[in-house]
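# Summary of the model geometry
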Amino acid sequence: MYKIVTKYTLLGLRNENDPVTHTHSMVLKPVPDAPNNFESEQAALDWALGNHDDLRHHREFVVLPVHHMVLADD
């Protein structure tokens, strides 16, 4: 039997330049020093508030729910 587990990830919004087309676009990228999975949205927000130096290249960010299907022990 399987169950759905929801974790949360923190993605930073960055401005990137395309050298070929010379266009600018905003892209979501993982924050390098952030953990891969947070147990709650609030835990991700608390990490962001406590680690503002790690977010200095990401002026804006999103907390995204990530759903995992895992094998249940039941």
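See the structure shown above.
Here is what the cut-offs are and how they apply
Residues numbered from 1 in each chain as written. Predicted model: local features only at pLDDT ≥ 70, side-chain atom pairs only at ≥ 80, totals over all residues. Heavy atoms only, no water. Helix = DSSP H or I, 4+ residues; strand = E, 2+ residues; numbered from the N terminus. Rg over C-alpha atoms; globule rule 2.2 N^0.38 Å. Buried < 20%, exposed > 50% of the residue type's maximum accessible area, 1.4 Å probe, protein only. Contact = heavy atoms within 4.5 Å. Areas by Shrake-Rupley, 256 points an atom, 1.4 Å probe, with all protein chains shown as cover. Lys, Arg positive; Asp, Glu negative; His and termini not counted. Charge placed at Lys NZ, Arg CZ, Asp CG, Glu CD. Phe/Tyr/Trp six-rings, centres within 6.5 Å; stacked < 30°, edge-to-face > 60°. Pairing = 2+ DSSP bridges.

Turning next to the overall build of the protein chain. Counting its regular elements, the protein chain contains one helix and three strands. Against the compact-globule benchmark of 11 Å for 74 residues, the protein chain has a radius of gyration of 16 Å, which places it well outside the compact range. Considering only C-alpha atoms, the protein chain reaches an extent of 55 × 30 × 15 Å along its principal axes. Looking at the 74 residues of the protein chain, the share that counts as buried comes to 20%. Pairs at least 24 apart in sequence give 63% of the contacts found in the protein chain among residues at least 6 apart. Carbon together with sulfur atoms contributes 53% to the accessible area of the protein chain, which is approximately 5,800 Å² in total. Within the protein chain, one finds 6 positive and 11 negative side-chain charges whose respective centroids are separated by 4 Å.

Once that is clear, we can look at the packing of aromatic side chains. To describe a pair of aromatic rings, you give the distance between the ring centres and the angle between the ring planes. Summed over all chains, the structure comprises one aromatic pair. Ring plane angle 55° and centroid distance 6.4 Å describe the contact between Phe38 and Trp47, whose orientation is recorded as tilted.

Next up on the list: the pairing of strand β1 (residues 2-18). With 12 bridges joining them, β1 and strand β3 (residues 60-71) adopt antiparallel strand pairing. Bridge pairing links Tyr8 to Pro65 in β3. Note: β1 against strand β2 (residues 23-30), eight bridges, orientation antiparallel. Directly across from Glu16, in β2, lies its bridge partner Ser25. Where β1 hands over to β2, the hairpin turn is made up of four residues, of which His22 adopts a positive phi near 60°.

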